[in-house]
Amino acid sequence: MAGLISVIVNYGGTFILVFQAAKVAGLSPELTASWVWSISIGVGVTGIILSWRFREPIITAWSTPAAAFLVTALATTPYAEAVGAYMISAAAFVLLGLSGCFERVIRLIPPGVAAGLLAGILLQFGIGAFAGMSIDPLLAGLLILAYLVFKRFSARYAVVGILVLGLAFLLSQERIDLSGLRLELATPLFTMPAFSLSALLSVALPLFLITLTGQYMPGMLVLRNDGFRTSANPIVTLTGLGSLLMAPFGSHAFNIAAITAAIATGREAHDDPSKRWVAGVAAGACYLLVGLFGVTLAAVFMAFPATFITTLAGLALLGTIGSSLSTALADATTREASLITFLAAAANITLLGIGGAFWGLVVGLVAHAVLNGTQPLEKKQGDRR
């Protein structure tokens, strides 16, 4: 169920960006369906392989910040050149994973800073769970109240309970219109890639940086925060290779998930961490199902009201937000640097086309270096006295 919820949140919450980018690029319905097919199948296969192989809930997903970037980039870039840029970016991730450099960078990040970063990234989703009260008070209020009741009597199935109850409520009010949908298999279409210096600089390079800082880094920190220690190298390598193979069919980039991964990595998925990998396999299977039927099933998820998606996601992430804040503030010596990281990440700073996760990490690392960098020296001086 945790895997299913992460898939619903992904499609219902951010997949609209893919359709917006496809519209800007002037893609036909067939090419758009191929994009949906390629990214869903790629995410599903890589998620199943990684979760099964390492017995950890390694949820993969498409790059949401990259999709947002493409909404503007595809307006001035020919589609064939964009596909070529996708391939260059994916190849760079394969090389990064094989080099082992990414894992070494992750190990340099202090635990408090990592936890503060994750809490800051997720904060907007927690707030979103209650912001829905202003837009749709009946639906949001019902979900929040039901969550509290389920949490009181069966914490493990609280999110499952509100998912089922919410769907029943929406169906009873006829707020999900599926009358116009037809179940059709998607057909992948191959696009011959073209390569240009312009697309390399304006699409491939930003795509690589945005996906690296906005998806891979926070995604790995999500795993680390919940105690999972799989090396980043095979994850980056396999998802990069999958993106490379699927790019000619429209996939812009897929990678380890960040926000939706937290739904499957915490205690709400299962009390026993060694059994949470099942959520990764379940999510992968759901992605494969959506991929086979392309736009049809993606449209089903997108038919859910926005308040339902945001409230469901926020409530599902409450446990992770709480545990992250607890870890960030646990050590008094690094508490202020962790708090600064949390606030900077929550501010969602956007500079030079790079999103808030990266800048939150930069601010946090600088704060940690300034506030705690001389701590060992001070201890030595105290010992001498």
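This report concerns the structure included in the present document. (Residues numbered from 1 in each chain as written. Predicted model: local features only at pLDDT ≥ 70, side-chain atom pairs only at ≥ 80, totals over all residues. Heavy atoms only, no water.)

1. Some remarks on the overall build of the chain
The helix and strand inventory of the chain stands at 19 helices and two strands. Looking at the 385 residues of the chain, the share that counts as buried comes to 52%. Accessible surface, the chain: about 16500 Å² in total, of which carbon and sulfur atoms supply 68%. (Helix = DSSP H or I, 4+ residues; strand = E, 2+ residues; numbered from the N terminus. Buried < 20%, exposed > 50% of the residue type's maximum accessible area, 1.4 Å probe, protein only. Areas by Shrake-Rupley, 256 points an atom, 1.4 Å probe, with all protein chains shown as cover.)

2. Focus: the side chain of T237
Mapped onto the fold, T237 is located in helix α11 (residues 232–246). Classification of T237 by relative accessible area gives buried; the value is 17%. At 3.4 Å, the side chain of T237 and the backbone nitrogen of L98 are in polar contact. Ignoring any residue separated from it by four or fewer positions in sequence, one finds T237 in contact with V94, G97 and L98. (Polar contact = N/O pair within 3.5 Å; in protein donor to acceptor, adjacent residues only side chain to side chain. Contact = heavy atoms within 4.5 Å.)

3. Topic: a nonpolar patch on the surface
A cluster of nonpolar side chains, namely L197, L200, L201, L205 and L209, defines an oily patch on the protein surface of about 450 Å² accessible area. With respect to the helices and strands, the residue L200 is situated in helix α10 (residues 197–225). For L200, a relative accessible area of 32% gives the class partly exposed. (Patch = residues over 30% accessible without salt bridge, like charges linked within 9 Å, V, L, I, M, F, W, Y side chains within 5 Å. Salt bridge = Lys/Arg side-chain N within 4 Å of Asp/Glu carboxyl O.)

4. Digging into the environment of G284
For G284, the position within the fold is in helix α13 (residues 277–292). On the basis of relative accessible area, G284 is assigned to the buried category, the value being 1%. Measuring from C-alpha to C-alpha, the distance between G284 and I58 comes to 9.7 Å, with 226 residues separating the pair along the chain. Sequence-distant contacts of G284, that is, excluding residues within four places in its chain, are made with G44 and I48.

5. Some points on unusual backbone geometry
Backbone geometry places E174, a non-glycine residue, at a positive phi of 55°. Within the secondary structure, E174 is located in the loop between α9 (158–172) and α10. We classify E174 as exposed; its relative accessible area is 70%. Unlike most non-glycine residues, N348 shows phi in positive territory, near 55°. With respect to the secondary-structure elements, N348 resides in the loop between α17 (335–346) and α18 (356–372). Taking the relative accessible area as the measure of exposure, N348 reaches 42% and is therefore partly exposed.

6. Topic: the nonpolar core
Judged by nonpolar contacts, the single largest core of 103 residues is most densely connected at W35, L70, Y86, F102, Y287 and F308. Take this core: its biggest share by element is 13 residues, from α10. If we ignore the near neighbours within four places in the chain, the residues touching Y86 are W35, L70, L74, L207, A247, G250, S251 and H252. (Core = buried A, V, L, I, M, F, W, Y, C linked by side-chain atoms within 4.5 Å.)

7. Structural notes on the packing of α10 against α11
At a minimum axis distance of 12 Å, the contact between α10 and α11 shows a crossing angle of 135°. Taken together, α10 and α11 sit at an angle that is classed as oblique. Considering how the two elements wind past one another, α10 and α11 form a crossing that is right-handed. The segment α10 lies against α11, with Y216, M220, L223 and R224 engaging A232, I235, V236, T239 and G240. Each residue belonging to the contact of α10 with α11 can be placed in one class, and the counts come to six nonpolar, two polar and one charged. (Axes fitted to C-alpha atoms, helices over the stretch in contact; angles between N-to-C directions. Parallel < 35°, antiparallel > 145°, perpendicular 65-115°, else oblique. Left-handed = near helix turned anticlockwise from the far one by under 90°. Nonpolar A, V, L, I, M, F, W, Y, C, P; charged D, E, K, R; others polar.)

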